[in-house]
Amino acid sequence: MIPRGIARAIGYGRLPVPDRFVVILPGWSDVVTLSSDLACLGREVSPLLPPVPLGVKEGVQAHLLHRGRVLEDWIRLGGGLITSAAGAVLPALSPSGHFQLRKGDRCRSSLIHWISSQGYERVPVVWAPGQWALRGALVDLFPPGDRAIRVAFDDDLVEEIRVFSPETQRAVASLDSWEMGGLKGGRSLTLLDVPVPFGLVVFEPGQVEIQCESAVWLWEQMREEIHSLPGAADWSSLASRVQGVIRVSSSQGDPSAMLERVPNFAGRLKEAEGFVLDMRSKGFRTLFLGSTRGYVEWAAGCGMEVIRGSASEGALDLSERVLYLSEVDVAGVRPPSSPAGKPPADVLDSLISGDLMVHEDYGVCRFLGIEMIEQGGVQQDYIALEFAQGKRLLMPTYRIARLYRYAGDPAEAELDSLKRGRWSRSYQEAKEKAREAAERLLSAQARRHSARGIAFDPLEREMEELRSTFPYRETVDQVRCWEEIRADMERPVPMDRLLVGDVGFGKTELALRAAFKAAMSGYQVVVVTPTTLLASQHLSTFASRLSPFPLRVEALYRFVPRSRQEEILNDFAEGRVDILIGTHRILGDDVRARNLGLIVLDEEHRFGVMQKERWRERFPGADVLMLSATPIPRTLQLALGGYKDISVMTTPPVDRRPVVTVVSPWQDELVKGAVLRELSRGGQVFWVHNRIQSMHRAFLRAKALLPGVRVEMAHGRMRDSELESLMARFVEGRLDVLLCTTIIESGLDLPRVNTIIVEDAHRMGLAQLYQLRGRVGRRSDQAFALFLYPRGAEAGRALERLEAIGSLEELGSGFHLAMMDLSIRGGGELLGTAQHGHVSSLSPELYFQMLEREVTRLKGGAELPPVEWGYSPSIPEWYVEDQPLRVRLYRRLFLPMDASELDQLRDEMVDRFGPVPHQVEELILAARLRVLLAGLASEITIGRDQVQVRFRDSAAVPKGLPPIWRVKGVVTVGPAGVRGLSELIEALSRWVTV
């Protein structure tokens, strides 16, 4: 018997294995955990044999070839091989060829010919194995089982070999030489075909056998669609063919391994310290395994030896008398796993021919792509747009910022006429609305800023101490959003801030920091959640993270006995409870606070407008922080309009992938495949059936469809103790599928659950579907969401909602979903309590742009001057060949950016496409000039030969311009081109600095 966690890595080294052996664990997550634990202990890590992603047809050949390469190396070298149940039975392909590359080689032509002959897919942007791209002097390539490589040529000579990140497309390392494998497969093989004897070590043999059968079933389903795929191995044949099988279970067997689990302290550092001291007094050596600074410092302070690294659950080694205590045991939170690949922004955020857009001057149109026109012997790019009656407009590239995405219902879209009659009226009406709204917003904002609030203490030392115990790497957005919240809290004005961040992007951490800051400043905090389960999870999180500090955290929800609730309410009224967590009843009239300083509303879209207005009236001086992934339209409108402050987190954590979303009629085979695929990698499944009265029938159907799978039911009418026990078993991994109502909708963080199946999804709203999808994909594993509806259902507009959420697969899209919802339903009265209404027929993005301009004008802010070009400035086709990629670069170049963003964009283009040509350099310089002249110039005109700048008044005209620049009144004229713009920018920079 060897417990799970790091005990496996310790016990694994004590097993009597032969010279060549295969270690098999139930799921791929178990494989990754074992290899990580071995590395943390400084033990040798055997090669890993990954499975093929089951049910995903793209890239199958690349995965099979990667497996073949690993298998052939293991057959040649011997030793151990670690894999999952699926990895043990699925086939592999041996590679048929390699290409050796060295700096200084002359091989551009031969490399391109070899890549083409090997079956690599040519794409504009390389981000997945099996792809390649050619851009002038650069060749990008992503071989299976290898890193993505960028080769820079000087004519035919290899000048540089760089490793690049598929996600950012930026180089991360340089190489002198490199060998790559092809995509043409040779013979197929499985573990049954290995020509040398080997043994098996099987952890959790019962689970492994079930997972092997599931993997083979799923593979055969794929073979019915892709007939060229080789066959899989049979588990019983494999087990009988090998030298011997060592079976290891965590629940039964020989206790002679002398390994025991350690308690999980979930942030209770005093208890953990007492346990460590007790073990040391018994003669145990005490080791701490972790990497988060706060916990490393705590362990060192307890006198433990520290091993820096990522480890799973710790263990007590009775034979060697060693305590292995991991960060997971102490904090109750798993440290982040390694980054996972996802498509770069170029793939996720590109305009495609046929997309509906809104042109600020002409209205609704259809984007057709780029058309190249020769003018004066020079090829120029124009943006082709289609309007009513098939009329086309060729728009110069520099006006692309006047195009906005159409966010309404595509089926009801009506293209506008270039004659502008109807559109002009709509536009003027919306502009007038924006002007009136801006005046109301500024008035409301002034009233809010004149109110008296709480200036919380800076608490720099205490805040840094709390921050050091955060076990994940902060994203740029997290750092920025926290600075915005911190600054609000330290001002003597009531904070009213909306924090928008996709599910799993770290909103709870920022709310926890805000609560800590308020409580440590001597004020009380309430954290309001929409559900009992979320309140329970928040209590666990807050209590564990804040346990080292003199703060009392309590909660009021169903699982708390009534007598205990009354005690908590009395203590809160007398100021003996610092942070109170619960459902909306904790802001009821019977709940009194001694000195409430902060209200946190989690999943704010679940609360009504009147509720929030009433709470604000009861506690006018308290700060308010609202959290949401999909804020209700009116909230979003207020925030974007400037009445409420908004912080938006769109940067995903480093190890996060978008959730693959499937919208389909119900199919038994689809559901069975999805569940078995998840279980084959060691995961769990949410199955949402939102009608309690028919849930038992759904349970019987699930058991019949999935024999041998551990399924249980959960819903809100269960007894509290029963529901709490069931959720505990599911969290511990003792259940495979949780058949439940939308009770799991809000905020639950269960990293093992990476597939969710939703029945009758057409009956649910956009925000609800988005929250349900957010229950999966919270770690690095690829997650799947199946939104299913009955065959033949008359769903009408409900199906459009499903299609909408299916189209928003990229990370951070909750904010965009709310924008879409705003367009469909409208935002209600801007400063009233109506929840829905109609803003205008415009794109919300355009409307808020108009509103922002009006607010800036009324405030007297510095506006960026418009730039008019005498021609259509273009990125040469030879520099960026792919049209969608060029369009995206135009959007980036012609939308407002500050100087540092322009520097980053230029560096990125050099890295990805090679040295910047003068045409692109001129675009970057023009953008830089626009930033420099904000508030000073009223217009910039750039021609082929000269540049003209019209200043707002004579006082704005700079002194000390180069002699070649002529000044007449408020207009200055000088040479165009890279040199002319560079000289003007240099002179302006000196003048602005002075």
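Residues numbered from 1 in each chain as written. Predicted model: local features only at pLDDT ≥ 70, side-chain atom pairs only at ≥ 80, totals over all residues. Heavy atoms only, no water.

Enquirer: Looking at this structure, I do not really get the sheet that holds strand β30 (residues 596-601). What am I missing?
Expert: Pairing between sheet strands relies on hydrogen bonds along the backbone, with the strands arranged either parallel or antiparallel. With parallel pairing, the 7 strands of this open sheet are ordered in space as β28-β29-β27-β30-β31-β26-β32. Edge positions in the open sheet fall to β28 (553-556) and β32 (645-649), since each of these has one partner strand only. The sheet shows a mean angle of 15° between the axes of neighbouring strands, taken without regard to direction. Relative to β30, strand β27 (residues 524-528) is paired through 5 bridges, and the arrangement is parallel. Paired with V526 across the strands is I599, a residue of β30. Its contacts with the sheet place helix α15 (residues 507-520) against β26 (496-501), β27, β29 (579-582), β30, β31 (623-628) and β32, and it is angled at close to 165° to β31. In the packing of helix α16 (residues 532-546) onto the sheet, the strands contacted are β27, β28 and β29, and the crossing angle to β29 comes to about 155°. (Pairing = 2+ DSSP bridges. Helix = DSSP H or I, 4+ residues; strand = E, 2+ residues; numbered from the N terminus. Axes fitted to C-alpha atoms, helices over the stretch in contact; angles between N-to-C directions. Contact = heavy atoms within 4.5 Å.)

Enquirer: Is there a simple way to think about the confidence of the model for the chain in this case?
Expert: Of all residues in the chain, 85% have pLDDT values of 70 or greater, and the mean over the chain is 83. With pLDDT under 50 throughout, residues 336-342 is counted as low confidence; its partners more than four residues away or in other chains account for 24 contacts. Predicted confidence is poor over residues 824-841, with pLDDT under 50, and the contacts of this stretch with residues over four places away or in other chains come to 56 contacts. (pLDDT = per-residue confidence, 0-100.)

Enquirer: So what exactly am I meant to see when it comes to the pattern of salt bridges here?
Expert: Any two side chains of opposite charge can pair if their charged atoms end up close together. Under the criterion given, the structure shown has 54 salt bridges. As a salt-bridge pair, E490 and K517 come within 2.8 Å of each other at their nearest N and O atoms. Taken together, the positions of E490 in the loop between α14 (476-489) and β26 and K517 in helix α15 put the pair 27 residues apart, joining distant regions of the chain. For E490, a relative accessible area of 24% puts it in the partly exposed group. (Salt bridge = Lys/Arg side-chain N within 4 Å of Asp/Glu carboxyl O. Buried < 20%, exposed > 50% of the residue type's maximum accessible area, 1.4 Å probe, protein only.)

Enquirer: Whenever I open this one, unusual backbone geometry confuses me. Can you help?
Expert: It is generally the case that most residues other than glycine have a negative phi and that most peptide bonds are trans. Unusually for a residue other than glycine, L459 sits at a positive phi of about 50°. With respect to the helices, strands and loops of the structure, L459 is situated in the loop between α12 (421-450) and α13 (460-467). Overall, the relative accessible area of 15% leaves L459 in the buried class. Within the chain, D760 stands out as a residue other than glycine whose phi angle is a positive 50°.

Enquirer: When you look at the packing of aromatic side chains in this model, what are you seeing that I'm missing?
Expert: Throughout the structure, instances matching the rule amount to 16 aromatic pairs. Here the aromatic rings of F456 and Y523 are separated by 5.4 Å at their centres, their planes lie at 85°, and the arrangement is edge-to-face. A residue pair is termed long-range when its members are at least 10 positions apart, and F456 in the loop between α12 and α13 and Y523 in the loop between α15 and β27 qualify at 67 residues. According to the relative accessible area criterion, Y523 is partly exposed, its value standing at 27%. Measuring from centroid to centroid gives 6.4 Å for Y890 and F894, while their planes differ by 20°, and the two rings are stacked. Taken together, the residues span about one helical turn, with Y890 and F894 both in helix α27 (residues 883-894) at a distance of 4 residues. On the basis of relative accessibility, which here comes to 12%, the residue F894 falls in the buried class. Every member of this aromatic cluster is reached through a ring pair, and the members are F99, W114 and Y120. (Phe/Tyr/Trp six-rings, centres within 6.5 Å; stacked < 30°, edge-to-face > 60°.)

Enquirer: I'm lost on the packing of α13 against α15 in this one. Help?
Expert: If you want to describe how two helices pack, look at the angle between their axes and the distance between the axes. In the contact formed by α13 and α15, the axes pass within 11 Å of each other and the chain directions differ by 145°. Judged by the sense of rotation from one axis to the other, the crossing of α13 with α15 is right-handed. The residues of α15 that touch α13, namely those facing E462, M463, L466 and R467, are L512, R513, F516, K517 and M520. (Left-handed = near helix turned anticlockwise from the far one by under 90°.)

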